[in-house]
Amino acid sequence: MDPTTLPDPWQPLHKLLAAMDNEIEQVYVERGIEGVRPRFAYPLIRLAHTGPLTIRELAKSLDRSHSAISQTVAAMRKEDLVTSSPGADARTRRIDLTERGRSLVPFLEAEWRATHAAVAELDGETPYALTALVEELRQALEQRPMRQRILDHLVEPPR
């Protein structure tokens, strides 16, 4: 039997997060801000407060992977939100805000605060707060990691 025909337990969460990101993006579009994705807000705000950073420094400061930030920076560069220039050595690039990126930061900070307030509101409307659930899941996985849980259920086919 094809296991991908079974319901994906992650799909509802992925769809919910994608829908929420889409709603945030619609707020941008309604304000006339084109080409800005919700995932850009965090690095743009951080760069506004720190000044130029290498991709590695930015990734570390946001607790994101180098690869994810590298892809985000490439997308932000295409939208004229950031620039990159040579860093201290040939392997590094320093990322800085463009004028357009800098001009959007006050709105992005306001949207960030409004989004956090909306999440707190949602937590209050549901019988089990998502933020509390996420923390409890994190703690459970700290006690017994996902890898171990998968291995405990893994029945490998004979070779």
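Since the structure is predicted, the reported quantities are computational estimates derived from the model, not experimental observations.

K.L.:
Could you give an account of the side chain of E111, naming the residues involved and the relevant values?
P.N.:
You can see E111 is positioned in helix α5 (residues 99-125). Buried and unpaired, E111 has no salt bridge, with R113 as the nearest side chain of opposite charge at 10 Å. Setting aside anything within four residues of it in sequence, one finds E111 in contact with I24, Y28 and A41.

K.L.:
Explain the packing of helix α2 (residues 38-50) against helix α4 (residues 66-78) to me, using residue names and the numbers behind them.
P.N.:
α4 packs onto α2 with a crossing angle of 95° between their chain directions and a minimal axis gap of 10 Å. As judged from the angle between their axes, α2 and α4 are roughly perpendicular. Contact residues: α2 offers R39, F40, P43 and L44, while α4 offers Q71, T72, A75 and M76. A per-class count over the contact of α2 with α4 returns five nonpolar, two polar and one charged.

K.L.:
Please give an account of the pairing of strand β3 (residues 93-97) that cites residues and values.
P.N.:
As defined by bridge partners, strand β1 (residues 53-54) adjoins β3 across two bridges and the pair is classed as antiparallel. Looking across to β3, one finds that T54 is bridged to R94. With five bridges joining them, strand β2 (residues 82-86) and β3 adopt antiparallel strand pairing. Across the sheet, residue V82 finds its bridge partner in β3, namely L97. In this antiparallel pair of consecutive strands, β2 and β3, the connection spans six residues.

K.L.:
Go over the side chain of T54 with me, naming the residues and quoting the values.
P.N.:
Among the secondary structure elements, T54 is positioned in strand β1. Discounting chain neighbours no more than four positions away, the residues touching T54 are T92, R93 and R94.

K.L.:
Go over the pattern of salt bridges with me, naming the residues and quoting the values.
P.N.:
Within the structure shown, the criterion is met by seven salt bridges. For D96, the salt bridge is made with R102, and the minimal N-O distance between the two is 3.8 Å. D96 sits in the partly exposed class, given a relative accessible area of 23%. A residue is classified by how much of its surface remains accessible, and R102, at 38% relative accessible area, is partly exposed. Between R138 and E142 there is a salt bridge, and its shortest N-O distance comes to 2.8 Å. In this pair, R138 and E142 both sit in helix α6 (residues 130-143), four residues apart, roughly one turn of the helix. For R138, a relative accessible area of 40% gives the class partly exposed. According to the relative accessible area criterion, E142 is exposed, its value standing at 55%.

K.L.:
How would you sum up the sheet that holds β2? Please name residues and give values.
P.N.:
Pairing in this open sheet of three strands is antiparallel, and the strands run β1-β3-β2 from one edge to the other. The two strands at the open ends of the sheet, each matched to only one other strand, are β1 and β2.

K.L.:
Requested: an account of unusual backbone geometry, with residues and values cited.
P.N.:
A positive phi angle, near 55°, is found at D63, a position not held by glycine. Tracing the chain through its elements places D63 in the loop between α3 (55-62) and α4. Despite not being glycine, D80 has its phi angle at roughly 55°, a positive value. With respect to the helices and strands, D80 occurs in the loop between α4 and β2.

What counts as what
- Residues numbered from 1 in each chain as written.
- Predicted model: local features only at pLDDT ≥ 70, side-chain atom pairs only at ≥ 80, totals over all residues.
- Heavy atoms only, no water.
- Helix = DSSP H or I, 4+ residues; strand = E, 2+ residues; numbered from the N terminus.
- Buried < 20%, exposed > 50% of the residue type's maximum accessible area, 1.4 Å probe, protein only.
- Lys, Arg positive; Asp, Glu negative; His and termini not counted.
- Salt bridge = Lys/Arg side-chain N within 4 Å of Asp/Glu carboxyl O.
- Contact = heavy atoms within 4.5 Å.
- Axes fitted to C-alpha atoms, helices over the stretch in contact; angles between N-to-C directions.
- Parallel < 35°, antiparallel > 145°, perpendicular 65-115°, else oblique.
- Nonpolar A, V, L, I, M, F, W, Y, C, P; charged D, E, K, R; others polar.
- Pairing = 2+ DSSP bridges.

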